[in-house]
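Each chain, written out:
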Amino acid sequence: MSGLSYPEREGCRNLLGLLDNDEVMALCDTITNRLVQPEDRQDAIHAILAYSQSVEELLRRKKVHRDIIFKYLASQGVIIPPATEKQHLIRHAKDYWRRQLQLKLKATPEPVNTSQDIRLFEQKKEDKAEKVDFRQLGEKFCHWFFELLNSQNPFLGPPHNEWGPQHFWHDVKLRFYYNTSEQNMTEYHGAEIVSLRLLSLVKEEYLFLSPNLDSHGLKYASSPHGLVMVGVAGTVHRGNTCLGIFEQIFGLIRCPFVENTWKIKFVNLRILGEHSVAPGTSVKPTIAFEPGDLEAFYNTIALCGTKEV
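All values reported here derive from a predicted model rather than from experimental measurement.

**Q** Before we move on, can you summarise the overall build of the protein chain with the specific residues and values?
**A** Check the secondary structure of the protein chain and you find 10 helices and 7 strands. Per-residue burial for the protein chain yields a buried fraction of 39% across its 309 residues. Partitioning the contacts of the protein chain with sequence separation of at least 6, the portion at a separation of at least 24 is 59%.

Written out as structure tokens, the structure reads:
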């Protein structure tokens, strides 16, 4: 999970831009343990920022030289003695980014919270919610999501559209369970790391996820708070080989700043290899959750926070 705030992330992006290409690639290999193979310099910087646990951890790396931090601070108008030690340069950089964040927060207008305005807002929200066809929303979302994700598979030619963290809420959570040659369950947090992990399924592992969007393969539910859950089942392929089946649950929340736009709040993905599928499993994969189960799942997450389900 990336622990960098927005000003820290953008500042480090500019700072890393002062490194040579070889240094950027070497730093990416160190931070990702060579698990990420960047296509170019920009891709490497993206991975460095996504996999760094904190800004201090990143700047303390030997490959991030003291002179680079000094040059960055000078370019931002932060004047400090040239002989300043690296640890103090890091502190100056963190202080600078903290001030940038405070300025950004001060520039955000205060909302007007009168009771009348709140009632009007809630009434408009209810009116809009009544018009949403959640079945149609689930189908459209799945068509969009899987078409976009699968298009990143290099075997299918150039991607149709850009994949990235912009499709997720910044605190999105991915719970990934797979049972193939071994069983494993891993959690990922944050838009950057979640989008990269899902991307690696098709871009680096060359998988193709084929959803079953009939009434057995697609389920949906909505909460009074505005969270919409979509559950979908399907098959997993690589080339001409069917490797197994998958079940996936998405938690969606409407973006209040962009009309008719929903972002992903959480993802639960379960992949079962061909040899892990129980005998008698239907050829056409089905989602085992009923709408009531999805609502209970939401209530557990909302009330218990990090409680395991």
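**Q** Run through helix α5 (residues 66–75), naming residues and quoting values.
**A** The set of residues buried in α5 consists of Ile68, Ile69, Tyr72 and Leu73. The buried residues of α5 occupy an angular sector of 130° when projected down its axis, which confines them to one face. Exposed side chains of α5 directed beyond 90 degrees from the buried face belong to Lys71 and Ser75. Backbone geometry just downstream of α5 places Gly77 in the positive-phi region, at approximately 80°.

**Q** Can you break down helix α3 (residues 41–51) residue by residue, with the values?
**A** Of all the positions in α3, only Ala44, Ile45, Ala47, Ile48, Leu49 and Ala50 are classed as buried. The N-cap residue of α3 is Asp40: its side-chain oxygen and the backbone nitrogen of Gln42 are 3.3 Å apart.

**Q** Which residues make up the packing of aromatic side chains, and what values go with them?
**A** Under the criterion given, the structure shown has 13 aromatic pairs. Ring centres of Phe141 and Phe250 lie 4.8 Å apart, and the angle between their planes is 75°; this geometry places the pair in the edge-to-face category. In this pair, Phe141 is assigned in helix α8 (residues 134–150) and Phe250 in strand β6 (residues 241–254), connecting sequence segments 109 residues apart. Looking at Phe141, the relative accessible area reads 8%, which means it is buried. Accessibility expressed as a relative area gives 0% for Phe250, which makes it buried.

**Q** Residues and numbers for the layout of surface pockets, please.
**A** In this model, the second largest pocket occupies a volume close to 1100 Å³. Lining of the second largest pocket is provided by 38 residues; of these, Val36, Asp43, His46, Leu196 and Leu199 occupy positions nearest its centre. Elements with a contribution of two residues or more to the lining of the second largest pocket: α2 (21–32), α3, β2 (183–189) and α9 (191–203). Among the elements that take part in the lining of the second largest pocket, α9 stands out by supplying 7 residues, more than any other.

Reading the values: the criteria
Residues numbered from 1 in each chain as written. Predicted model: local features only at pLDDT ≥ 70, side-chain atom pairs only at ≥ 80, totals over all residues. Heavy atoms only, no water. Helix = DSSP H or I, 4+ residues; strand = E, 2+ residues; numbered from the N terminus. Buried < 20%, exposed > 50% of the residue type's maximum accessible area, 1.4 Å probe, protein only. Contact = heavy atoms within 4.5 Å. Arc of directions from axis to C-beta. Polar contact = N/O pair within 3.5 Å; in protein donor to acceptor, adjacent residues only side chain to side chain. Phe/Tyr/Trp six-rings, centres within 6.5 Å; stacked < 30°, edge-to-face > 60°. 1 Å grid on protein atoms, 1.4 Å probe; cavity = no way out; pocket = protein on both sides within 12 Å on 5 of 7 lines; lining within 4 Å. Points joined across faces, edges and corners; volume = space filled by probe spheres on them.

Honestly, it's all geometry; don't read function into it.
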